[in-house]
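# Observations on the three-dimensional arrangement
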Amino acid sequence: MVITPLLKKPDLDLADVKLYRPISNLSVLYKLLERLVARQLLDYLNAHHLLPGCQSAYRSYHSMETAILKVMSDILLALDSGDLAMLTLLDLSAAFDTVDHYIFLKSLNISYGISRSVFGWLTSYLSNRTQFVQLNGSCSKSSVVACGVPQGSVLGPILFLLYTADLTRLVDTHNL
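The rules we used
Residues numbered from 1 in each chain as written. Predicted model: local features only at pLDDT ≥ 70, side-chain atom pairs only at ≥ 80, totals over all residues. Heavy atoms only, no water. Helix = DSSP H or I, 4+ residues; strand = E, 2+ residues; numbered from the N terminus. Buried < 20%, exposed > 50% of the residue type's maximum accessible area, 1.4 Å probe, protein only. Contact = heavy atoms within 4.5 Å. Salt bridge = Lys/Arg side-chain N within 4 Å of Asp/Glu carboxyl O. Pairing = 2+ DSSP bridges. 1 Å grid on protein atoms, 1.4 Å probe; cavity = no way out; pocket = protein on both sides within 12 Å on 5 of 7 lines; lining within 4 Å. Points joined across faces, edges and corners; volume = space filled by probe spheres on them. Nonpolar A, V, L, I, M, F, W, Y, C, P; charged D, E, K, R; others polar. Axes fitted to C-alpha atoms, helices over the stretch in contact; angles between N-to-C directions. Parallel < 35°, antiparallel > 145°, perpendicular 65-115°, else oblique.

## Let's talk about the overall build of the chain
What the chain contains, in helices and strands, is five helices and five strands. Starting at the N terminus, the α and β elements of the chain follow one another as β-β-α-α-α-α-β-β-β-α. If you line up the chain on its principal axes, its C-alpha atoms span 60 × 45 × 25 Å. Burial statistics for the chain: of 176 residues in total, 26% are counted as buried. A fraction of 57% describes how many contacts in the chain between residues 6 or more apart in sequence connect residues 24 or more apart.

Right, dumping it as C-alpha cells:
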C-alpha cells in the first residue's frame, strides 16, 4: 500500500514528520470493496444494537450537532440539579496507528459475535499488510504494518470505533 504524508494543518512546520498524517492511497476497486463491507458491517451492528449508545458517527439521525447537544444537555441538567459537572476530553492523536490487531480481532469475535468468513476476511484485511511512503517521486522501503487501521480508508474509522467501544462501555458502567 502506498502512503502519502499529508500535513495535518497548512500552517505547521513542513520539516516535523510528526505533524503529517499517513494517508493510504487505495485503488478504486479496493475502495468499492471496503464500501460494500462497511455497509454490511454497519447494517449488522445497527440491527443488533451493537454500536455504543452515545456514538453519533455511522448512525441515522445522529451527527456532531446531536453529540454536542447531548453533552451540553447533560452538563446543564447536572448543574440545575446541584451536581458537579466535569468534561474530560481525550486527544487521540495518531490513534488509528495504535490499534493492536490481535486484541482487536479477539474483541470482534467476543464483543460483536463476528466469526467465520467475516472474521477471516477482517483478519486477512488487517494481517500481513505492507506499506511504503511516496513523496515527490521518491519511495521508502516497504515495511510490514504490525498495528493500526488504514487512514484514508472507508473501514478504518469504523474499525477504530469498534476498537474503542469498550471504553464507552466502561464509562457507562461507572455512570460517568
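## Section: the pattern of salt bridges
Summed over the entire model, instances satisfying the criterion amount to two salt bridges. Ionic pairing is found between aspartate 43 and arginine 39, a salt bridge with its closest N-O pair at 3.0 Å. You can see aspartate 43 and its partner arginine 39 sitting in helix α1 (residues 28-47), four residues apart, about one turn around the helix. When the shortest N-O distance is used, the salt bridge between lysine 70 and aspartate 74 registers 2.7 Å. With lysine 70 and aspartate 74 both in helix α2 (residues 64-80) and four residues apart, this pair spans about one turn of that helix. The class of lysine 70 is partly exposed, set by a relative accessible area of 46%.

## Observations regarding the pairing of strand β1 (residues 2-7)
Note on strand geometry: in a regular strand, side chains alternate between the two faces of the sheet. Of the pairings in the sheet, the one linking β1 to strand β2 (residues 20-25) comprises six bridges and is antiparallel in character. If you follow leucine 7 over to β2, its bridge partner there is tyrosine 20. Pairing of β1 with strand β3 (residues 129-135) involves two bridges; the strand directions are parallel. Note that in β3 the partner of valine 2 across the bridge is phenylalanine 132.

## Details of the layout of surface pockets
A probe matching the size of a water molecule, rolled over the atoms, marks out where space remains unfilled. The computed volume of the largest pocket comes to approximately 1900 Å³. In terms of lining, the largest pocket is formed by 38 residues, of which the most central are Cys54, Val71, Leu87, Thr88 and Val171. Only α2 and α5 (155-173) provide two or more residues apiece to the lining of the largest pocket. For the lining of the largest pocket, the class distribution of residues is 25 nonpolar, 10 polar and three charged. One number sums up the size of the second largest pocket: a volume of about 350 Å³. What lines the second largest pocket is a set of 17 residues, among which Arg21, Leu92, Ala94, Ala95 and Gln151 lie closest to the centre. Every element with two or more residues in the lining of the second largest pocket is listed here: β2 and α5. A total of three residues in the lining of the second largest pocket trace back to one element, the largest contributor, which is β2. Looking at the lining of the second largest pocket residue by residue, the class counts come to nine nonpolar, three polar and five charged.

## Some words on unusual backbone geometry
Of note in the backbone geometry, histidine 49 takes a positive phi value of approximately 55° without being a glycine. For histidine 49, the location among the structural elements is in the loop between α1 and α2. Take histidine 49: its relative accessible area is 70%, and that puts it in the exposed class. Positioned with a positive phi, arginine 116 is a non-glycine residue whose angle comes to about 50°. Here arginine 116 lies in helix α4 (residues 116-126).

## Description of the packing of α4 against α5
For the pair α4 and α5, interaxial distance at closest approach is 13 Å and the crossing angle is 110°. Of the possible angle classes, the one that applies to α4 and α5 is roughly perpendicular. For the pair α4 and α5, the contacting residues are Trp121, Leu122, Tyr125 and Leu126 in the first and Leu155, Gly156 and Leu159 in the second. In terms of residue class, the contact of α4 with α5 is made up of six nonpolar, one polar and no charged.

Honestly, that's just the spatial picture; any functional story needs more than this.
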